[in-house]
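# Examining the three-dimensional arrangement
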Amino acid sequence: MTTRLTEDEKAMLRGDRGEAVQFAMETVVRVARGFDAEELVEVVSVHAMAMYGDLHDAGLDLLERLHRLGGRCCVPTTQDPASMSFTHWQRMGVPAAYADKQFRLARLAEALGEHPLWSCTPYDAGNAPAYGQNVAWAESSAVSFANSVLGARTNRTPAGLAICAALTGRMPKVGLYRPEHRVARVKVVVDAGELTALDYHTLGILIGRRLGTEIPALVGIPTNVTRDDLKSLGAAAAASGAVALYHVIGVTPEACRADPFGGQPPREEFQVTRGDLETTVRELQTAHPGPVDLVVVGCPHYSLGEVRRLAGLLRGRRVAPGKALWVYTSGEVERQAAAEGLLATLDAAGAEVLAQTCAVMSPLPKRFRTLMTDSGKYASYLPSEHGVELVYGGIDACVQAVAALQEGIGA
Ligand code: F3S
C-alpha cells in the first residue's frame, strides 16, 4: 500500500528542511510502507532513549549522524534514564570508557534539542499528553501509562524510530494510533479483596504473563486507585508480557467514555484471586535467597508520594552496616523531595537516592548477594540481568529487611 503524505511531509522527504529531517522522514516512511500504513500521524511529544546500555555504539552513531546533519527536535522530547548515575558513576564502579559514551550520548541528546529529563516517568515532570493526543514514546512503562491512564496514543516506539519522530513530528498510523486497535479483547475480573501497592505490581506481572500483547479490561479495581498503583500495574504488565494498553472499567479515561470492548463480547475472561497473587509473588522470588543485603526501589522512578511514604517508614531507622537501600527517581522528584526535607530524612537513615538513572541498568557491586524490591518490573528483570538472589515484597517489608530501629530517636 502506498502511504499518503501531506505536502509538508513530502517537503521533509525532499530535504527542504535539511538532511537530518530528510533522513528521519525517509526512515519513518519506510517503516510506514513496511506496515502498510495509509498515512502518518502528527505526534505532540516524544519520549526517546539515550541510555548507552540500550543504544550501544549503534545508537551513538545514529545520534552523531543526525547531529552532524544539523538535526533538531521539532516537538518536545524527553528521554529515558541514563544507564549510570551522572554524579555517582565512579563510586558505582562504572568503567570510564562506558561513562564516556553515556556522557557523549547526553551531550548529543541536548544538542539535538531534547530536554534532559532522564526519567521513565516523563508524565510526572511536564511531558504529559492530553486525552486523545498522539505521541511517540519509547519506554514500555511510560507507553502503558500514556495509553492507559492518560488516554493518549502511542505504540511501543523503537529507540531509533523515536528520534526520527522527534525530528519530523510524524509516525506511521498503525497499531494503537488507530482507535479500532485499542479495543479490549480480554476481561480480567479482579476478585482479591483489598489491594495493596504490591498487589498492583503483582497483578501486572500476572496479566502480562498471561496475555502477552493482548489488551485487557479489568473489573474490580476500586475507583480510588492511585496513579502510582496504575503506574506499577502497567509497568509490570509491559515487562512480563508486552501489554501496551489496559483499560480499567470505571477508572481509565477510554473505559469511562465508551465500552472498552467496542460493543463485542470479550474473547476470553479470567479471574484473579488472592491465591493467584500469592502464587505469583512466590514465583517471582528466586529459590535460595539469603539475608537481604540490598533493597532497590523506584522502578519505574518513584513519585514524590512514594518518596514521602518511604521517608515516613525510615524515620527513626538506620540502614544496617553492610546493607544498602537505593532509591531511583527523576531529577524533578529529587528536587521536590529536597525542598520538602525528605532527602535529609533518607540521608539520615543511610538510604541512597540515585536520580536520572535506571535501576535495571545500574551496575551491581559483587558484594550484594540477595536483593529485595517492591517493583514487579524490576523483579521480573533482575535475576536474568544480574544473576542474584531475589526477594519480592512490599515497601514496609523492604525497609524492615535492611533498616533497624534506632534507639532514642523514636519511630
Ligand atoms: Fe525505569 Fe529502568 Fe525500571 S527505565 S521502569 S527504572 S527498568
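Along every chain, residues carry numbers that run from 1 in the direction the sequence is written. For a predicted model such as this one, the threshold for reporting local features is a pLDDT of at least 70, and the threshold for listing and counting side-chain atom pairs is 80 or more; totals across whole chains, interfaces and linings nevertheless cover every residue. Computation of side-chain values covers all heavy atoms of the structure but excludes hydrogens and water.

### Quick word on the overall build of the protein
Quick reminder of the rule: Put simply, DSSP marks the helices as runs of H or I at least four residues long and the strands as runs of E at least two long, and each gets a number from the N terminus on. The globule rule used for comparison is 2.2 Å times the number of residues to the exponent 0.38, while the radius of gyration itself is calculated over C-alpha atoms. Note on classification: 1.4 Å probe, protein chains only; a residue is buried when its accessible area is under 20% of the maximum for its type, exposed when over 50%, partly exposed between these limits. Here, residues are in contact when the closest pair of their heavy atoms is within 4.5 Å.
On a plain count of helices and strands, the protein comes out with 15 helices and 16 strands. In terms of overall size, the protein behaves like a compact globule, its C-alpha atoms giving a radius of gyration of 22 Å where 411 residues would be expected to give roughly 22 Å. For the C-alpha atoms alone, the extent of the protein along its principal axes is close to 70 × 55 × 40 Å. A buried classification covers 56% of the 411 residues belonging to the protein. Long-range pairs, those at least 24 residues apart, make up 80% of the contacts in the protein with a sequence separation of at least 6.

### Some details on the pattern of salt bridges
Put simply, the rule reads: For salt bridges, the criterion is a side-chain nitrogen of Lys or Arg within 4 Å of an Asp or Glu carboxyl oxygen.
Per the counting criterion, the structure on display carries 24 salt bridges. For the salt bridge of Glu42 with Arg170, the shortest nitrogen-to-oxygen distance reads 4.0 Å. Taken together, the positions of Glu42 in strand β1 (residues 40-42) and Arg170 in strand β5 (residues 170-172) put the pair 128 residues apart, joining distant regions of the chain. A relative accessible area of 55% means that Glu42 is categorised as exposed. The buried category is assigned to Arg170, whose relative accessible area is 6%. The partner of Glu306 in a salt bridge is Lys231, and the shortest N-O contact between them spans 2.7 Å. You can see Glu306 sitting in helix α11 (residues 304-314) and its partner Lys231 sitting in helix α8 (residues 227-240), a full 75 residues away along the chain. Take Glu306: its relative accessible area is 16%, and that puts it in the buried class.

### With respect to the packing of aromatic side chains
The relation between two aromatic rings is expressed through the spacing of the ring centres and the mutual angle of the planes. Let me state the cut-off plainly: Here a Phe, Tyr or Trp ring, Trp counted by its six-membered ring, pairs with any other such ring whose centre lies within 6.5 Å, and the pair is stacked when the planes are under 30 degrees apart, edge-to-face when over 60, and tilted otherwise. In this scheme, Lys NZ or Arg CZ marks a charge over a ring once it lies within 6 Å of the ring centre and within 35 degrees of the ring normal.
Tallied over the full model, the rule gives six aromatic pairs. Their ring planes at 40 degrees and their centres at 5.6 Å tell us that Phe86 and Phe103 sit as a pair that is tilted. Pair noted here: Phe86 is in the loop between β3 (77-79) and α4 (96-111) and Phe103 is in helix α4, with a separation of 17 residues, a long-range link. Judged by its relative accessible area of 18%, Phe86 falls in the buried class. Taken together, a centroid distance of 5.6 Å and an interplanar angle of 90 degrees make the contact between Trp326 and Phe368 edge-to-face. Separated by 42 residues along the polypeptide, Trp326 in strand β12 (residues 324-329) and Phe368 in the loop between β13 (352-355) and β14 (370-373) bring together distant segments of the chain. Exposure class is identical for Trp326 and Phe368. Each is buried. For Arg257, the ring lying beneath its charged end belongs to Tyr131, and the centroid distance is 3.6 Å.

### Focus: the state of the cysteines
How we decide: When two cysteine sulfur atoms are found within 2.5 Å, that pair is recorded as a disulfide.
Tallied over the full model, the rule gives zero disulfides. Cys73 supplies the cysteine sulfur nearest to Cys74, a cysteine that is in no disulfide, at a spacing of 7.7 Å. Here Cys164 is not disulfide-linked; the sulfur of Cys73 is the nearest cysteine sulfur, at 11 Å.

### What about the side chain of Arg170?
For clarity, the cut-off: Residues adjacent in sequence count toward polar contacts only when both atoms are side-chain atoms; beyond that, a polar contact is any pair of N or O atoms within 3.5 Å, and within protein one must be able to donate a hydrogen and the other to accept it.
For Arg170, the side chain forms a polar contact with the side chain of Glu9, separated by 2.6 Å. Those residues in contact with Arg170 that lie beyond four places of it in its chain are Thr6, Asp8, Glu9, Met12, Met25, Val28, Leu40, Val41, Glu42, Val43 and Ala165.

### A few points about the domain arrangement of the protein
The cut-off we apply is this: Domain borders in the structure are assigned automatically or taken from a domain database. By definition, the buried area sums, over both parts, the 1.4 Å-probe accessible area that each loses when the two are put together.
Here the protein is described as being made up of domain 1 (7-179), domain 2 (183-283) and domain 3 (285-405). A straight line from the C-alpha centre of domain 2 to that of domain 3 covers 25 Å. Counting residues at the interface gives 12 residues for domain 2, matched by 16 residues for domain 3. When domain 2 packs against domain 3, close to 1100 Å² is buried across both sides, 57% of that on carbon and sulfur atoms. When the buried area of domain 2 at its contact with domain 3 is split by residue, Leu198, His201 and Lys231 rank highest and sum to 39% of it. On the surface where domain 2 and domain 3 come into contact, there are one salt bridge.

### Re the site of the ligand
Note the threshold: Proximity is defined per residue: if any heavy atom of the residue lies within 4 Å of a molecule or strand, that residue is considered near it. Side-chain classes are defined by residue name, with Ala, Val, Leu, Ile, Met, Phe, Trp, Tyr, Cys and Pro counting as nonpolar, Asp, Glu, Lys and Arg as charged, and the others, Gly among them, as polar.
Taken together, the neighbourhood of the ligand is formed by Asp80, Pro81, Cys120, Glu139, Ser141, Cys299, Pro300, Cys358, Ala359, Val360 and Lys377. In terms of residue class, the shell around the ligand is made up of seven nonpolar, one polar and three charged. Of the residues that make up the shell around the ligand, three or more belong to each of domain 1 (7-179) and domain 3 (285-405).

### Quick notes on the sheet that holds β3
Inclusion rule: DSSP-based pairing: two strands are paired if at least 2 bridges between them are found.
The sheet built from three strands is open, its strands ordered β3-β2-β4 with parallel pairing. Sheet topology places β3 and β4 (136-137) at the edges, where each strand pairs with a single neighbour. As defined by bridge partners, strand β2 (residues 46-48) adjoins β4 across two bridges and the pair is classed as parallel. Bridge pairing in β4 places His47 opposite Trp137.

### As for the side chain of Thr373
Mapped onto the fold, Thr373 is located in strand β14. A distance of 2.7 Å separates a polar side-chain atom of Thr373 from the backbone oxygen of Val296.

### Section: the pairing of strand β10 (residues 294-302)
Among the nine residues that make up β10, nine are buried, leaving the element largely enclosed by the rest of the structure. Across five bridges, the pairing between β10 and β12 is parallel. Of the residues in β12, the one forming a bridge with Val297 is Val327.

### Here's the deal with the environment of Glu26
Relative to the helices and strands, Glu26 is located in helix α2 (residues 19-34). A residue is classified by how much of its surface remains accessible, and Glu26, at 31% relative accessible area, is partly exposed. Sequence separation between Glu26 and Ala99 is 73 residues, and the spatial gap between their C-alpha atoms is 32 Å.

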